[in-house]
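Single-letter residue listing:
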Amino acid sequence: MDKGKKRLAVLVGCNYANTQHELHGCINDVVAMREVLVERFGFDPSHIELLTDAPGSLVMPTGANIKASLNEMMNKAEAGDVLFFHYSGHGTRIPSWKPGHHFRQDEAIVPCDFNLITDVDFRQLVNRLPRGATFTILSDSCHSGGLIDKEKEQIGPSIVKNTTSVSYTVKTIPFQSVLRHLSSLTSINTSDIGTHLLEFFGADASLKFRLPKLESDLLESLKTDEGILLSGCQADETSADMNAIEGGGKAYGVFSNAVHMALNENSGALSNRKVVMMARRVLEAQGFAQHPCLYCSDGNADATFLLQPEAN
């Protein structure tokens, strides 16, 4: 591996224990990924930050803490560095206020405190990347397709509808449930989610709600960028979480598990495109009705996943 080329990762697993939105496999997903990053991809354990909502966790995966970790990773990044964010937890969709997009919805992840991190936040992070560094996001959450705003679609929605014969929990918190939860915190009677997030989280709320609406257009993508998104499903689909009984042992997110299976079956370098296509095949064979997608530049679609170092 080239000297001076750092590999940095932020791994976030939210199980939402003892809530009505409880999941079971998300922390297992990112703990397993940490091992793979060290053993296969040459990450230094001290360069991997793990945020989970496990009981007794020192740093909870709140919206502010996740963004602080991602910002810190960006601040350290230099040309040639490999940056990685793996998120396993709930996702949601929120109504878009963009002019002419009356029926459009935007994607967000749901940290443990419901302080949504949106597609605009991920776009802003990608735009901050130093030239020559890459930023890969693997999101095992519902509605994760399109989670980097304006990123080019390489492997998109599939017209093939898998039939599902498996029992699982969906990794989504519907918009109305998020709204109800935030309304209970602010006691404000409005269906505008931005009002609640700004009232309760202030400067820690998503850029989507803090930027004046016209100014947010300044976050256009560069012509080509180094953002790479491997999403667990299409924007209009849900992702599955298997509990320990149905998972036949450990609980897990099915997309994270499918990526691990693809990597285990191929010790050599795999392109981002290949990882997503293999994960699709695994999920289809297992009977899940979700289609992983890939969003990135043309060049990065065929670049090696996490620029796997060559074996010595």
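As a reminder, the structure under discussion sits directly above these lines.
Conventions used here
Residues numbered from 1 in each chain as written. Predicted model: local features only at pLDDT ≥ 70, side-chain atom pairs only at ≥ 80, totals over all residues. Heavy atoms only, no water. Phe/Tyr/Trp six-rings, centres within 6.5 Å; stacked < 30°, edge-to-face > 60°. Helix = DSSP H or I, 4+ residues; strand = E, 2+ residues; numbered from the N terminus. Buried < 20%, exposed > 50% of the residue type's maximum accessible area, 1.4 Å probe, protein only. Pairing = 2+ DSSP bridges. Right-handed = clockwise from strand over helix to strand, strands pointing away. Salt bridge = Lys/Arg side-chain N within 4 Å of Asp/Glu carboxyl O. Disulfide = S-S within 2.5 Å.

Enquirer: Please explain the packing of aromatic side chains as it appears in this structure.
Expert: For any pair of aromatic rings, the description consists of the separation of the ring centres together with the inter-plane angle of the planes. For the coordinates displayed, the defined rule picks out six aromatic pairs. Between Phe41 and Phe305 the ring centres are 5.6 Å apart and the planes differ by 90 degrees, which places this aromatic pair in the edge-to-face class. A residue pair is termed long-range when its members are at least 10 positions apart, and Phe41 in the loop between α1 (26-39) and β2 (48-52) and Phe305 in the segment after α10 (298-301) qualify at 264 residues. According to the relative accessible area criterion, Phe41 is buried, its value standing at 0%. For Phe305, a relative accessible area of 1% puts it in the buried group. Centre to centre, the rings of Phe84 and Phe305 are 6.3 Å apart; their planes meet at 90 degrees, and the pair counts as edge-to-face. Residue Phe84 is found in strand β3 (residues 82-88), and its partner Phe305 is found in the segment after α10; the two are separated by 221 residues along the sequence. Assigned by exposure class, Phe84 and Phe305 land together as buried. Through pairs of rings, three or more aromatic residues link up here, namely Phe41, Phe84 and Phe305.

Enquirer: Any chance you could explain the pairing of strand β10 (residues 227-231) here in plain terms?
Expert: The two faces of a sheet get side chains in turn, since along a regular strand they alternate between them. Here β10 lies mainly inside the structure; five of its five residues are buried. Of the two faces of β10, both are covered, the one formed by Gly227, Leu229 and Ser231 as well as the one formed by Ile228 and Leu230. Pairing analysis gives three bridges linking β10 to strand β13 (residues 293-295), with the strands arranged antiparallel. Residue pairing across strands places Leu230 opposite Leu294, the latter belonging to β13.

Enquirer: Can you help me understand unusual backbone geometry in this one?
Expert: Phi at His143 takes a positive value of approximately 55 degrees, unusual for a residue other than glycine. Checked against the element boundaries, His143 lands in the loop between β7 (134-140) and β8 (153-155). Phi at Leu307 is positive, roughly 40 degrees, even though this residue is not glycine. Tracing the chain through its elements places Leu307 in the segment after α10. By relative accessible area, Leu307 is classed as partly exposed at 38%.

Enquirer: For this particular structure, what's the right way to read the pairing of β2?
Expert: Bridge analysis of strand β1 (residues 7-13) against β2 gives five bridges, and the strand direction is parallel. Looking across to β2, one finds that Val12 is bridged to Leu51. This β-α-β element, β1 to α1 to β2, shows right-handed connectivity.

Enquirer: Sorry if this is basic, but what is going on with the sheet that holds strand β9 (residues 169-170) here?
Expert: Strands in a sheet are paired, the pairing made by backbone hydrogen bonds, and the direction either parallel or antiparallel. The three strands lie next to each other as β9-β11-β12, forming an open sheet whose pairing is antiparallel. Strands with a single pairing partner mark the edges of an open sheet, and in this sheet they are β9 and β12 (252-253). The sheet contact formed by strand β11 (residues 240-242) and β12 spans two bridges and is antiparallel. Bridging across to β12, Met242 finds its partner in Tyr252.

Enquirer: I keep staring at the pattern of salt bridges and nothing clicks. Help me out?
Expert: A side chain with one charge can pair with a side chain of the opposite charge if their charged atoms come near. With the rule as written, the count across this model stands at 12 salt bridges. Note that Arg123 and Glu151 form a salt bridge whose closest N and O atoms lie 3.4 Å from each other. With Arg123 in helix α3 (residues 119-127) and Glu151 in the loop between β7 and β8, this pair connects stretches of sequence that are 28 residues apart. Take Arg123 and Glu151: they sit in the same class, and that class is buried. Three or more residues are tied together by salt bridges with common partners; here these are Lys6, Glu78 and Asp81.

Enquirer: Just to check I follow, could you spell out the sheet that holds strand β5 (residues 105-109) for this structure?
Expert: Ordered by their spatial adjacency, three strands build an open sheet running β4-β5-β6, and the pairing between neighbours is antiparallel. Pairing within the sheet leaves two strands with one partner each, and these edge strands are β4 (91-95) and β6 (117-118). When β5 meets β6, the two strands line up antiparallel, connected through two bridges. Of the residues in β6, the one forming a bridge with Ile109 is Ile117.

Enquirer: Would you mind showing me how to read the state of the cysteines here?
Expert: What is meant by a disulfide is a covalent connection between two cysteines, made through their sulfur atoms. If you walk through the whole model with that rule in mind, you get zero disulfides. Left unpaired, Cys233 is separated from the closest cysteine sulfur, that of Cys142, by 5.6 Å. Under the relative-accessibility criterion, Cys233 is labelled buried at 0%.

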